[in-house]
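# Structural features, examined
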Amino acid sequence: MSLDADAILDRRRLKRRLTFWRLAAIVAVFALAFIALFCVDVITGHDYVAEIGVTGLISDDDSRSEFLRKVADDGHAKALIVNINSPGGTTVGGETLYNDIRRVAERKPVVGVIRTLGTSAAYLAATATDHIISAESSLTG
(Lines give C-alpha, C1' and ligand atoms only; values in the text may rest on other atoms or scores of the structure.)
Protein backbone atom coordinates (compact mmCIF):
# COMPACT_ATOMS: atom_id res chain seq x y z
CA MET A 1 0.00 0.00 0.00
CA SER A 2 2.80 2.43 0.78
CA LEU A 3 4.24 1.85 -2.69
CA ASP A 4 1.06 3.12 -4.28
CA ALA A 5 1.05 6.21 -2.05
CA ASP A 6 4.69 7.00 -2.99
CA ALA A 7 3.87 6.59 -6.68
CA ILE A 8 0.92 8.96 -6.36
CA LEU A 9 3.06 11.59 -4.58
CA ASP A 10 5.78 11.33 -7.25
CA ARG A 11 3.20 11.74 -9.99
CA ARG A 12 1.80 14.87 -8.32
CA ARG A 13 5.31 16.36 -8.01
CA LEU A 14 5.98 15.68 -11.68
CA LYS A 15 2.68 17.30 -12.69
CA ARG A 16 3.52 20.41 -10.64
CA ARG A 17 6.94 20.67 -12.28
CA LEU A 18 5.44 20.19 -15.73
CA THR A 19 2.83 22.87 -15.04
CA PHE A 20 5.57 25.27 -13.92
CA TRP A 21 7.59 24.79 -17.13
CA ARG A 22 4.49 25.10 -19.31
CA LEU A 23 3.62 28.42 -17.67
CA ALA A 24 7.22 29.59 -17.99
CA ALA A 25 7.16 28.77 -21.72
CA ILE A 26 3.87 30.66 -22.22
CA VAL A 27 5.26 33.71 -20.39
CA ALA A 28 8.42 33.60 -22.54
CA VAL A 29 6.38 33.44 -25.75
CA PHE A 30 4.28 36.42 -24.69
CA ALA A 31 7.41 38.37 -23.71
CA LEU A 32 8.98 37.72 -27.12
CA ALA A 33 5.76 38.69 -28.89
CA PHE A 34 5.64 41.93 -26.89
CA ILE A 35 9.23 42.75 -27.78
CA ALA A 36 8.64 41.96 -31.46
CA LEU A 37 5.49 44.08 -31.69
CA PHE A 38 6.27 47.08 -29.53
CA CYS A 39 10.03 47.30 -29.39
CA VAL A 40 10.89 46.86 -33.09
CA ASP A 41 12.82 50.15 -33.16
CA VAL A 42 14.94 48.97 -30.26
CA ILE A 43 15.88 45.80 -32.15
CA THR A 44 16.12 46.97 -35.77
CA GLY A 45 16.09 50.75 -35.67
CA HIS A 46 19.77 51.41 -35.17
CA ASP A 47 21.54 53.93 -37.35
CA TYR A 48 24.14 52.62 -39.76
CA VAL A 49 26.55 53.61 -42.51
CA ALA A 50 25.63 52.11 -45.89
CA GLU A 51 28.30 50.71 -48.18
CA ILE A 52 28.29 49.87 -51.89
CA GLY A 53 31.02 48.34 -54.01
CA VAL A 54 31.69 49.49 -57.55
CA THR A 55 33.79 46.77 -59.16
CA GLY A 56 34.39 45.52 -62.66
CA LEU A 57 32.86 47.08 -65.75
CA ILE A 58 30.39 49.85 -64.90
CA SER A 59 27.17 49.64 -66.87
CA ASP A 60 23.60 50.80 -66.36
CA ASP A 61 22.40 48.73 -63.38
CA ASP A 62 18.82 49.12 -62.12
CA SER A 63 19.44 47.17 -58.90
CA ARG A 64 22.35 49.46 -57.97
CA SER A 65 20.20 52.53 -58.71
CA GLU A 66 17.38 51.11 -56.58
CA PHE A 67 19.80 50.43 -53.70
CA LEU A 68 21.11 54.01 -53.84
CA ARG A 69 17.54 55.37 -53.89
CA LYS A 70 16.73 53.32 -50.79
CA VAL A 71 19.85 54.60 -49.02
CA ALA A 72 18.91 58.18 -49.88
CA ASP A 73 15.39 57.70 -48.48
CA ASP A 74 16.36 55.65 -45.40
CA GLY A 75 16.45 57.79 -42.28
CA HIS A 76 18.60 55.26 -40.42
CA ALA A 77 21.37 55.38 -43.05
CA LYS A 78 23.55 58.26 -41.85
CA ALA A 79 26.24 58.12 -44.57
CA LEU A 80 27.38 56.16 -47.62
CA ILE A 81 30.77 54.67 -48.42
CA VAL A 82 31.44 53.91 -52.10
CA ASN A 83 34.27 51.37 -52.50
CA ILE A 84 35.66 51.67 -56.02
CA ASN A 85 37.88 49.17 -57.81
CA SER A 86 36.99 49.44 -61.47
CA PRO A 87 38.63 50.25 -64.81
CA GLY A 88 35.53 52.21 -65.82
CA GLY A 89 32.69 51.33 -68.11
CA THR A 90 30.04 52.71 -70.42
CA THR A 91 29.25 56.39 -70.62
CA VAL A 92 25.60 55.86 -69.74
CA GLY A 93 26.51 53.57 -66.82
CA GLY A 94 29.02 56.08 -65.45
CA GLU A 95 26.61 58.99 -65.83
CA THR A 96 23.78 57.08 -64.16
CA LEU A 97 26.03 56.07 -61.27
CA TYR A 98 27.24 59.67 -60.92
CA ASN A 99 23.66 61.01 -60.78
CA ASP A 100 22.55 58.32 -58.30
CA ILE A 101 25.46 59.06 -55.97
CA ARG A 102 24.79 62.82 -56.20
CA ARG A 103 21.15 62.21 -55.16
CA VAL A 104 22.41 60.46 -52.03
CA ALA A 105 25.01 63.19 -51.43
CA GLU A 106 22.28 65.85 -51.39
CA ARG A 107 20.84 64.23 -48.24
CA LYS A 108 23.79 62.66 -46.41
CA PRO A 109 27.60 62.54 -46.49
CA VAL A 110 29.17 60.28 -49.11
CA VAL A 111 32.81 59.12 -49.15
CA GLY A 112 34.48 57.51 -52.15
CA VAL A 113 37.32 55.06 -51.52
CA ILE A 114 39.43 54.20 -54.56
CA ARG A 115 41.13 50.87 -53.97
CA THR A 116 43.52 49.57 -56.64
CA LEU A 117 41.94 51.07 -59.77
CA GLY A 118 39.56 53.95 -60.37
CA THR A 119 39.68 55.19 -63.96
CA SER A 120 37.22 56.54 -66.51
CA ALA A 121 33.62 56.06 -65.29
CA ALA A 122 34.91 54.85 -61.91
CA TYR A 123 36.71 58.16 -61.41
CA LEU A 124 33.53 59.96 -62.49
CA ALA A 125 31.66 58.06 -59.76
CA ALA A 126 34.34 59.06 -57.25
CA THR A 127 33.93 62.73 -58.16
CA ALA A 128 30.24 62.45 -57.26
CA THR A 129 31.17 61.83 -53.63
CA ASP A 130 31.80 64.54 -51.05
CA HIS A 131 35.26 63.25 -50.15
CA ILE A 132 37.65 60.93 -52.04
CA ILE A 133 40.18 58.68 -50.35
CA SER A 134 42.77 56.68 -52.30
CA ALA A 135 45.98 54.88 -51.53
CA GLU A 136 49.28 56.22 -52.83
CA SER A 137 49.57 53.31 -55.26
CA SER A 138 45.99 53.52 -56.61
CA LEU A 139 45.62 54.12 -60.32
CA THR A 140 43.19 56.99 -60.85
CA GLY A 141 42.21 59.22 -63.70
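For the structure itself, look to the data block above.
Residues numbered from 1 in each chain as written. Predicted model: local features only at pLDDT ≥ 70, side-chain atom pairs only at ≥ 80, totals over all residues. Heavy atoms only, no water.

### A look at the nonpolar core
Here is the rule: Residue types Ala, Val, Leu, Ile, Met, Phe, Trp, Tyr and Cys, when buried and joined through side-chain atoms within 4.5 Å, form a set referred to as a nonpolar core. Residue burial is assigned from relative accessible area. The probe radius is 1.4 Å, only protein chains are included, and a residue is buried under 20% of its type maximum, exposed over 50%, and partly exposed in between. Strands are runs of DSSP state E lasting at least 2 residues, helices are runs of H or I lasting at least 4, and numbering of each runs from the N terminus. Whether two residues touch is decided by their heavy atoms; if any such pair falls within 4.5 Å, the residues are in contact.
In this structure, Leu80, Val82 and Ile101 are the most contacted members of the largest nonpolar core, which totals 22 residues. For this core, the elements supplying multiple residues, two or more each, are β1 (48-58), α3 (62-73), β2 (77-89), α4 (91-105), β3 (110-118) and α5 (121-127). Among all residues touching Leu80, those that are not within four sequence positions of it are Val49, Ala50, Glu51, Ile52, Leu68, Val71, Val104, Pro109, Val110 and Val111.

### Quick word on the pattern of salt bridges
What counts is decided by this rule: One side-chain nitrogen of Lys or Arg within 4 Å of one carboxyl oxygen of Asp or Glu is enough to make a salt bridge.
Within this structure, the stated rule accounts for five salt bridges. With a closest N to O distance of 2.9 Å, Arg69 and Glu66 form a salt bridge. Here the residue Arg69 and the residue Glu66 both occupy positions in helix α3, the gap between them amounting to three residues, near one helical turn. On the accessibility criterion, Arg69 (40% relative accessible area) is partly exposed. What makes Glu66 partly exposed here is its relative accessible area of 35%. Of the charged contacts in the structure, one is a salt bridge between Arg107 and Asp73, with a shortest N-O distance of 2.5 Å.

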